[in-house]
Amino acid sequence: MSDQVVTRFAPSPTGDLHMGGLRTALFSYVLAKHHHGKFYLRIEDTDYKRCQEGSSDAILSALQWCGLQWDGEVIYQSDRLALYSRYAHMLLSKGLAYRCFCSEERLEEVRKKHMAQGLRRGYDGHCRHLSSKDMAAHIKQLKPYVIRLKLPKQGDVHVEDALRGTIQFPWQQLEDFIILKADGFPTYHLAHVVDDALCKVTHVLRGSEWISTLPVHDFILQGLGWPSPVYVHLPLILDSEGGKLSKRKQAVSVQAFQDQGYLKEAVINFLALLGWSYDDKTTLFSLDELIKQFSIGRVSKSAAEFSVEKLDYFNHHYLVSLPPVELRQRLAPFLKKAFSHLYRSDHPACAPESMLAQQTAQQRAENLASLYVSRLKHLSELESYLAVLLSEEPMVYEAAVWQHKKLNHATSLMSLEAMIALLDGLQPWTQEHVEASLKELALKHDWKVFTVMMPLRIALTASQQSPSSALIAYYLGQEESVKRLKAAYASLQAQNLSES
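Keep in mind the model is a prediction, meaning the values are calculated, not measured.

**Examining the overall build of the protein**
Now for step 1: Helix and strand counts for the protein come out as 20 helices and 12 strands.
Now for step 2: For 500 residues, the compact-globule formula gives about 23 Å, and the C-alpha radius of gyration of the protein, at 32 Å, lies well above that figure.
Now for step 3: Along the longest, intermediate and shortest principal axes, the C-alpha atoms of the protein span 105 × 45 × 45 Å.
Now for step 4: Summarising the internal contacts of the protein: among those between residues at least 6 apart in sequence, 74% fall at separations of at least 24.
Now for step 5: Total accessible area on the protein stands at roughly 24,900 Å², and carbon and sulfur atoms take up 51% of it.
Now for step 6: Distance between charge centres in the protein, computed from 55 positive and 55 negative side chains, equals 7 Å.

Structure representation (C-alpha cells):
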C-alpha cells in the first residue's frame, strides 16, 4: 500500500449523476485532498446494455460544476477489455475460477426451481464440477462460456470495513459470481478490483449495498496477490418516507437540482452533512473547509435523511451571501431561460441608441431579480416572481387586489394621479431621487408613506406583496413605471364606475 492516499470515483454511465453518487465523489475527493493525495475518475461502462448516450459527459459536467476536479485522464473501462481478460484467465489458471457453459435457458430453470423452493437466486455450481473431459469437449465445440469465481463453500471469511470493523460472512451464502462474460466484457466484481489495484487506490468509498460482496472482492485481491485497500461503506441516504433515495421515486439527479437553481456551494454543504459531521454545532462548510476538516472517523454508520427543506435552507443562505457581481452571473442563465424574449438581439432595449440612454432589457431583469433573492429557495422561483414585471403584455388588475383595510378607492386614485404627475417628468431618474420624491409626495399631501407605496406596488406588480416598490419603479424605468401607473389608474377608475 502506498503512503499517499489515493481515492477514486467510479460511476456507471446509466443516466445523470445521482445525488447519492455525488456524495460518494465528494467524500472521496475531500479525503484525498485532505491528505494531499490523488483523486481519480473512472467510468465503469462495461455493462453496455444499460449505458446511456451522453451520460458520461453529464457525469463529468456535474463533477466539474461542483469543483471536484480529478487527477490525470478519465479511465474508461471499455478501453481495457484485454486487461480484464488477462486477469480473469490468471485466476482460472490458479484454480480460483472456472468456465461455465450453462445456457440462459438452464439458468432460468435453476432460478425458477430455487424460487419454488424458497431459496435465494444463486447459481447451483453445475459447471464447477465438470470433468476435464467434458470441459475439453465444450471448448472444442466452441461453446460460449463465462468465467466464474470458484469460491470456498465451507467456513467463514472475515473482512474489514473502516466504519464497522471486522465483518464475518459464511462462504456458503455466496454464489460463484461471474467475472468475465461470454462477450469478453468483465463484470463489476473483477473490473473494479483490477483497476483499483493497478491505480494503487488506497481507500475505496462506496455505498453500503456493496458490503455483502466485500468477501468476493477480497478473494480476487488475494488470488492475484494484491493488498486490500481500506473499504469505507457509506451510510444509506433515505427519502422523506424512510425508503432508500431513488430516482424512480423522485428527481434526485444533480442535473435536476442544477436546473432548479441550487448553487453548487449549497449542494456540497448539504451532501457533506449526509452521514458526516465535524461537531454538533458547525453546519456551514465550503469545499476548502471540508478538505481541511474531513476524516473517515467522523463518518456515521447510520442512514441519513435527504431533506429538501434543509437543502433549501443552505441554498437560501448561499444565495443571499453572494457578492452583487457574482449574483448577477448566477441569475443570468435562469433569466435567459425563463424570459428568452428579453435576450433577442432585435429587442428594442438592445438597440445601440437605447443602450446608451437606459438599462438594457437584460440588465433590467437582473436588477429586478436581485430584489427577490431574499425570498428565494432556488433560482427557478424567479420566473413566478418576475412574470408580471417582465411581461410585455398589458397589465391586468383583479378587483380584489385593490381591497385593503388601510386604503379605499378614492385615496388610491388620488395617490395614483399624484404619482403620475410626479414621475412622468422626474429628473434625474436615479434610485435616490425616485425614493426621496415619493416620500416628499406623501409629506406634501399629509399622507402616510403607505398611502403612496401600496398603490404604487399594486400598479407595478398587480400584487400587494413585493420588495420595495420605489426600487421596482427605479429598475422598471421611468417610461414603464408611468405606463403602469396610468393603466392602474384607468383600471381602478373603471371599476368604480361599474360599481356605482
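Now, onward.
**Quick look at the nonpolar core**
Now for step 1: Leu26, Leu63 and Leu386 are the most contacted members of the largest nonpolar core, which has 112 residues in total.
Now for step 2: Here this core gets 9 residues from one element, more than from any other, and that element is helix α1 (residues 19-34).
Now for step 3: Excluding anything up to four places from it in sequence, Leu26 contacts Leu68, Ile268, Leu271, Ala272, Leu287 and Leu290.
Now for step 4: Ala97, Leu149, Phe177 and Phe219 belong to the second-largest nonpolar core, a separate cluster that totals 37 residues.

**Things to note about the sheet that holds strand β2 (residues 38-43)**
Now for step 1: Ordered in space as β1-β2-β3, the 3 strands form an open sheet in which the pairing is parallel. In this open sheet, the two edge strands, each paired with only one partner strand, are β1 (6-9) and β3 (75-76).
Now for step 2: The sheet contact formed by β2 and β3 spans 2 bridges and is parallel. Along β3, the bridge assignment pairs Arg42 with Ile75.

**What about the side chain of Arg330?**
Now for step 1: Secondary-structure assignment places Arg330 in helix α12 (residues 324-338).
Now for step 2: A polar side-chain atom of Arg330 sits 2.7 Å from a polar atom in the side chain of Glu265.
Now for step 3: Filtering out sequence-adjacent residues up to four positions away, Arg330 remains in contact with Leu263, Lys264, Glu265, Leu322 and Leu379.

**With respect to unusual backbone geometry**
Now for step 1: Here Gln427 and Pro428 are connected by a cis peptide whose omega angle stands at -5 degrees.
Now for step 2: Unusually for a residue other than glycine, Leu142 sits at a positive phi of about 55 degrees.
Now for step 3: Along the chain, Leu142 falls in the loop between α5 (132-140) and β5 (146-149).
Now for step 4: At Lys200, a position not held by glycine, the phi torsion is positive, near 55 degrees.

**Some words on the environment of Leu17**
Now for step 1: Considering the arrangement of structural elements, one finds Leu17 in the loop between β1 and α1.
Now for step 2: Residue classification places Leu17 among the buried residues on the basis of a relative accessible area of 6%.
Now for step 3: On a C-alpha basis, the gap between Leu17 and Thr202 in space is 24 Å, while along the polypeptide they are 185 residues apart.

**Quick look at the packing of aromatic side chains**
Now for step 1: For the coordinates displayed, the defined rule picks out 17 aromatic pairs.
Now for step 2: Ring geometry for Tyr29 versus Phe39: centroids 5.4 Å apart, planes at 90 degrees, classification edge-to-face. With Tyr29 in helix α1 and Phe39 in strand β2, this residue pair connects regions lying 10 residues apart in the sequence.
Now for step 3: By relative accessible area, Tyr29 is classed as buried at 10%.
Now for step 4: Owing to a relative accessible area of 0%, Phe39 belongs among the buried residues under this scheme.
Now for step 5: Taken together, the aromatic side chains of Phe27, Trp276, Tyr278, Phe285 and Phe294 make up a single cluster linked through ring pairs.
Now for step 6: Taking NZ or CZ as reference, Arg148 lies 3.7 Å from the ring centre of Tyr123, over its face.
Now for step 7: Over the face of the ring belonging to Phe450 we find Lys406, whose NZ or CZ atom lies 5.6 Å from the ring centre.

**Re the sheet that holds strand β8 (residues 178-180)**
Now for step 1: Within the open sheet, the 3 strands sit side by side as β4-β5-β8. Their pairing is antiparallel. With one partner strand each, in any of the chains shown, β4 (97-100) and β8 form the two edges of the open sheet. Here the average twist between neighbouring strands, direction ignored, is 45 degrees.
Now for step 2: Taken together, the 2 bridges between β5 and β8 define a ladder with antiparallel strand orientation. For Arg148, the partnering residue across the bridge sits in β8 and is Ile178.

The rules we used
Starting afresh in each chain, residues are numbered from 1 along the sequence in its written order. Owing to the predicted nature of the model, reporting of local features is limited to residues with pLDDT of at least 70; listing and counting of side-chain atom pairs is limited to 80 or more, with chain, interface and lining totals taken over all residues. To obtain the side-chain values, all non-hydrogen atoms of the structure were included, while hydrogens and water were left out. Secondary structure follows DSSP: runs of H or I at least 4 residues long count as helices, runs of E at least 2 residues long count as strands, and numbering of each begins at the N terminus. Note that the radius of gyration is over C-alpha atoms, with the globule rule given as 2.2 Å times the number of residues to the power 0.38. Here, two residues are considered to be in contact whenever any of their heavy atoms come within 4.5 Å of each other. Accessible surface is estimated by sampling points in the Shrake-Rupley manner with a 1.4 Å probe; for residues, cover comes only from the protein chains shown. Just so you know, the count uses Lys and Arg for positive and Asp and Glu for negative, and it drops His and the chain ends. A single reference atom marks each charge: NZ on Lys, CZ on Arg, CG on Asp, CD on Glu. Side-chain atoms within 4.5 Å are what join buried Ala, Val, Leu, Ile, Met, Phe, Trp, Tyr and Cys residues into a set we call a nonpolar core. Each residue's exposure class comes from its accessible area (1.4 Å probe, protein chains only) as a fraction of the maximum for that residue type: buried when under 20%, exposed when over 50%, partly exposed otherwise. Two strands pair under a simple rule: DSSP has to find at least two bridges between them. Identification of polar contacts relies on pairs of N or O atoms within 3.5 Å, with a donor-acceptor requirement for protein atoms, meaning one able to donate a hydrogen and the other able to accept it, and with residues adjacent in sequence counted only if both atoms are side-chain atoms. Only centres within 6.5 Å qualify two rings of Phe, Tyr or Trp (six-membered ring in Trp) as a pair; their planes then separate them into stacked at under 30 degrees, edge-to-face at over 60, and tilted for everything else. Counted as over-ring charges are cases with an Arg CZ or a Lys NZ within 6 Å of the ring centre that also lie within 35 degrees of the ring normal. In this description, a line fitted to the C-alpha atoms serves as the axis of each element, helices being fitted only across the stretch in contact, and the angle between N-to-C directions of two axes falls anywhere from 0 to 180 degrees.

Without other data, these values stay purely geometric and don't point to any function.
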